[in-house]
Amino acid sequence: QQQVKQSPQSLIVQKGGISIINCAYENTAFDYFPWYQQFPGKGPALLIAIRPDVSEKKEGRFTISFNKSAKQFSLHIMDSQPGDSATYFCAASRADSWGKLQFGAGTQVVVTP
Amino acid sequence: DAMVIQNPRYQVTQFGKPVTLSCSQTLNHNVMYWYQQKSSQAPKLLFHYYDKDFNNEADTPDNFQSRRPNTSFCFLDIRSPGLGDAAMYLCATSSYTSGRNNEQFFGPGTRLTVL
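From a predicted model like this one, the values you see are computed outputs, not experimental measurements.

Draft legend 1. Main features of the overall build of chain A. Looking only at helices and strands, chain A features zero helices and 11 strands. Counting from the amino terminus, chain A carries its helices and strands in the arrangement β-β-β-β-β-β-β-β-β-β-β. Taking 13 Å as the expected radius of gyration for a compact globule of 113 residues, we find that chain A reaches 13 Å, a close match to that expectation. Taking the principal axes of its C-alpha atoms as reference, chain A extends roughly 45 × 30 × 20 Å.

Draft legend 2. Quick look at the nonpolar core. Core analysis: the largest hydrophobic core is formed by 24 residues, its most contacted members being Phe 33, Trp 35, Phe 73, Leu 75 and Tyr 88 of chain A. Elements represented by at least two residues in this core include exactly strand S2 (10-14), strand S3 (19-25), strand S4 (30-38), strand S5 (45-50), strand S7 (62-67), strand S8 (72-77), strand S9 (86-94) and strand S11 (107-112) of chain A. Per-element accounting of this core gives the leading share, four residues, to S9 of chain A. With 18 residues, the next largest nonpolar core counts Leu 21, Cys 23, Trp 34 and Leu 76 of chain B among its residues.

Draft legend 3. Examining the pattern of salt bridges more closely. Within the structure shown, the criterion is met by seven salt bridges over all chains. With its nearest N and O atoms 3.0 Å apart, the salt bridge here joins Glu 57 of chain B to Lys 100 of chain A. Residue Glu 57 of chain B is found in the loop between strand S6 (53-56) and strand S7 (64-67), and its partner Lys 100 of chain A is found in the loop between S9 and strand S10 (102-103); the two belong to separate chains. Comparing Glu 57 of chain B with Lys 100 of chain A, the two get one shared label, buried. A salt bridge links Asp 77 of chain B to Arg 67 of chain B; its shortest N-O distance comes to 2.8 Å. Of this pair, Asp 77 of chain B sits in strand S8 (residues 73-78) while Arg 67 of chain B sits in strand S7, and the two are 10 residues apart along the sequence.

Draft legend 4. Just the sheet that holds S8 of chain B, in detail. All names here are of chain B. Taken together, the four strands give an open sheet; going across it, the order is S1-S3-S8-S7, and neighbouring strands pair in antiparallel fashion. If you trace the sheet from one side to the other, it starts and ends with strand S1 (4-7) and S7, each paired once. The sheet shows a mean angle of 20° between the axes of neighbouring strands, taken without regard to direction. In this sheet, S8 lies alongside strand S3 (residues 19-25) in antiparallel orientation, the contact comprising six bridges. Pairing of Cys 23 across the sheet is with Cys 74, part of S8.

Draft legend 5. Representation of the packing of aromatic side chains within the structure. Using the criterion set out here, one finds 20 aromatic pairs over all chains in the structure. Note on Phe 33 of chain A and Phe 66 of chain A: the rings are 4.8 Å apart at their centroids and 45° apart in plane angle, and the pair reads as tilted. Of the two residues, Phe 33 of chain A is situated in strand S4 and Phe 66 of chain A in strand S7; the sequence distance between them amounts to 33 residues. In this pair, the class of Phe 33 of chain A matches that of Phe 66 of chain A, namely buried. Aromatic pair Phe 73 of chain B and Phe 75 of chain B: ring centres 6.4 Å apart, planes at 15°, arrangement stacked. Using a relative accessible area of 36% as the deciding quantity, one classes Phe 73 of chain B as partly exposed. Of the aromatic side chains, those joined through ring pairs into one cluster are Tyr 25, Phe 30, Phe 33, Trp 35, Phe 66 and Phe 73 of chain A.

Draft legend 6. Examining the environment of Leu 45 of chain B more closely. All names here are of chain B. Looking at the secondary structure, you find Leu 45 in strand S5 (residues 44-50). With relative accessibility at 9%, the residue Leu 45 sits in the buried group. With 14 residues separating them in the primary sequence, Leu 45 and Asp 59 have C-alpha atoms 9.5 Å apart.

Draft legend 7. View of the state of the cysteines. All names here are of chain B. Counting across every chain of the model gives two disulfides over all chains. Shown here is the disulfide that connects Cys 23 with Cys 91, its sulfur atoms set 2.0 Å apart. Linking Cys 23 and Cys 91, the disulfide has an S-S dihedral of approximately -75° and is accordingly described as left-handed. Residue Cys 23 is located in strand S3, and its partner Cys 91 is located in strand S9 (residues 87-94); the two are separated by 68 residues in the primary sequence. Taken as a pair, Cys 23 and Cys 91 share a single burial class, namely buried. With no disulfide of its own, Cys 74 lies 6.0 Å from the sulfur of Cys 91, the closest cysteine sulfur. On the basis of relative accessibility, which here comes to 0%, the residue Cys 74 falls in the buried class.

So, how was this worked out
- Residues numbered from 1 in each chain as written.
- Chains lettered and ligands numbered in written order.
- Predicted model: local features only at pLDDT ≥ 70, side-chain atom pairs only at ≥ 80, totals over all residues.
- Heavy atoms only, no water.
- Helix = DSSP H or I, 4+ residues; strand = E, 2+ residues; numbered from the N terminus.
- Rg over C-alpha atoms; globule rule 2.2 N^0.38 Å.
- Core = buried A, V, L, I, M, F, W, Y, C linked by side-chain atoms within 4.5 Å.
- Buried < 20%, exposed > 50% of the residue type's maximum accessible area, 1.4 Å probe, protein only.
- Salt bridge = Lys/Arg side-chain N within 4 Å of Asp/Glu carboxyl O.
- Pairing = 2+ DSSP bridges.
- Axes fitted to C-alpha atoms, helices over the stretch in contact; angles between N-to-C directions.
- Phe/Tyr/Trp six-rings, centres within 6.5 Å; stacked < 30°, edge-to-face > 60°.
- Disulfide = S-S within 2.5 Å.

Structure representation (structure tokens):
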């Protein structure tokens, strides 16, 4: 049973466009929602993370929007660049679970020149 | 400034031949995790150590074992690798305090090939 559902599975966006990836969860005990970026052959790297006490967090071109009542959160990549082409994973964890992450299935983003 | 180091980066083994993957960290984090990641899939948690306490995921096969001799090092032992165990194995660490999750730092992974 997948606890975090992620969509779309893949995304093609033109350089300068906006990439949007959505995730939904069921477990209301989740209280930490990170996004990871992974390039082929590399380990995932934390991109940005949010806790449920805020509805939005922005770091550079990356923004997380969080809707606690809908149990949804999304990643927006503004002004997408070819170097952003990677697989993005959303995740969620509970405070009482030693930081164990429940990952979404991943979204492969391709930014065309 | 490598923080989570995995060795080797590539490992080739034969079907049924035991293999050990290693992970070390310079972050002094109290939690270390091992994940298995197959092509085009999300990382799947195998187990984790909280300090010296070992926590196995319910669906992790017995074929997979782990050791954490000290804070800095953690090993993944695959006792009898099968073809289905070919994957990227990721080590991660975090500084966990009760009631607060913090960033997990991932290593570069070890790509395991089983012949």
